Amino acid sequence: MRCSCADAGNTGVRSFRRSQWATAARDRVRPYANRVVAARLCRHGRNPLADEVRFVRSFNWLGFHFNPFVQVESELLRFVELVCARRPRTIVEIGTARGETAFLLARAAAPDARIVCVDLPAGPFGGVRIPNRTRLWASFAVDQQTVTLLERDSHDPRTAELVRQMVGPIDVLFIDGDHSYEGVAADFRMFVPMVADGGLIALHDIVSGRPEAVGGVPDFWHEVRGEIFDEIVADRNQGGYGFGLLVKGVGARALDNPAGAVD
Ligand SMILES: C[S@@+](CC[C@H](N)C(=O)[O-])C[C@H]1O[C@@H](n2cnc3c(N)ncnc32)[C@H](O)[C@@H]1O
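To keep things clear, this report deals only with the structure shown in the data block. What you see is a predicted model; the values in this text were computed from it and never measured.

**Things to note about the pairing of strand β5 (residues 146-150)**
Remark: a regular strand shows side chains that alternate across the two faces of the sheet.
Alright, step 1. By the bridge criterion, five bridges tie strand β4 (residues 114-118) to β5 in an arrangement that is parallel. Bridge pairing in β5 places I115 opposite V147.
Alright, step 2. Crossover β4 to β5 through helix α5 (residues 133-138) is right-handed.

**Points about helix α3 (residues 73-86)**
An α-helical segment advances 3.6 residues per turn. Residues three or four places apart therefore align on the same side.
Alright, step 1. When the terminal C-alpha atoms of α3 are compared, their 21 Å separation across 14 residues agrees well with the 20 Å that a helix rising 1.5 Å per residue should span.
Alright, step 2. The complete set of buried residues in α3 reads E75, L76, F79, V80 and V83. What you see down the axis of α3 is that its buried residues fit within an arc of 125 degrees, all on one side.
Alright, step 3. Looking at the residues trailing α3, positive phi occurs at R87, about 45 degrees.

**Quick word on the pairing of strand β6 (residues 170-175)**
Alright, step 1. Counting buried positions along β6 yields six of six residues, so the element is predominantly enclosed.
Alright, step 2. Bridge count between strand β3 (residues 90-94) and β6: four bridges; the pairing is parallel. Looking at β6, one finds that I91 is bridged to V172.
Alright, step 3. When β6 meets strand β7 (residues 195-204), the two strands line up parallel, connected through five bridges. Within the sheet, the bridge partner assigned to V172 lies in β7 and is L200.

**Things to note about the site of the ligand**
Alright, step 1. Around the ligand, the surrounding shell holds 22 residues, and the nearest of these are G95, A97, G123, G127 and D178.
Alright, step 2. Looking at side-chain class alone, the shell around the ligand contains six nonpolar, 10 polar and six charged residues.

**Digging into the packing of helix α2 (residues 49-58) against α3**
Alright, step 1. In the contact formed by α2 and α3, the axes pass within 10 Å of each other and the chain directions differ by 135 degrees. As judged from the angle between their axes, α2 and α3 are oblique. Handedness of the crossing formed by α2 with α3: right-handed. Residues L49, A50, V53 and R57 of α2 form the contact with α3, whose participating residues are E73, L76, L77, V80, E81 and C84.
Alright, step 2. Across the contact of α2 with α3, the residue classes tally to seven nonpolar, no polar and three charged.

The rules behind each value
Residues numbered from 1 in each chain as written. Predicted model: local features only at pLDDT ≥ 70, side-chain atom pairs only at ≥ 80, totals over all residues. Pairing = 2+ DSSP bridges. Helix = DSSP H or I, 4+ residues; strand = E, 2+ residues; numbered from the N terminus. Right-handed = clockwise from strand over helix to strand, strands pointing away. Expected span 1.5 Å × (residues − 1). Buried ≥ 20, exposed ≤ 12 C-beta atoms within 10 Å, placed from the backbone. Arc of directions from axis to C-beta. Near = placed C-beta within 6 Å. Nonpolar A, V, L, I, M, F, W, Y, C, P; charged D, E, K, R; others polar. Axes fitted to C-alpha atoms, helices over the stretch in contact; angles between N-to-C directions. Parallel < 35°, antiparallel > 145°, perpendicular 65-115°, else oblique. Left-handed = near helix turned anticlockwise from the far one by under 90°. Contact = placed C-beta atoms within 7 Å.

As structure tokens, this is what we get:
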């Protein structure tokens, strides 16, 4: 049977209305669903890091998932292993999106660690809006840890001051927020002075790739890394990804702005 144009139009309108209704219903349920997800994550406990990486990358519960496409799995595991070896008691993450690295950093941290994540909801370079996000992030904590999400602009000096009051000297700083050259430079300038001597500073997306994915991070990394640095890169031709690592007080090059110097 052939449909008339009018029929096809009506069906289109009906399915459009249905999908609008489904979206509205999903949006209403989402905050409650995320409370259940938080309760589920709270019960998860601490497991070997390789298991935790697999867990986080396959987790999909009541529609909540950690986006597994922003990291290369082998790089991510190596990074959290390096963090774990330091047993950090204070971690600051700039740029947390759906929480994949935040969840794993908590698993790598000391039992009494304070972990603060800073993220603009729906910000540039992969930002999202998730109802009840602060409650979800709090559920990443294990043992006596606290995990706090600040939904704020990392470039606002008041954010840096708040973070300073919350954690004191930072053992691990992970910068994965605004990837524009100016953005990553601003995060570096504002938060590196808070890192403890000997503390770890990590940047993500140091490998050249699509500008909309890596922004100015590769250029910034080459300028700032100096002579003594480490990199975790699975494949130099992968386009994006990769961690750049510096230790506060060891060998990084001073930027034009002296506040950007690591040592
Ligand atoms: C690449 S995503 C972070 C991915 C996350 N670290 C992970 O691996 O799962 C970058 C995040 O930075 C956030 N962002 C961008 N500019 C920001 C700013 N000025 N202040 C705080 N967050 C920002 C975006 O909203 C986005 O959520």
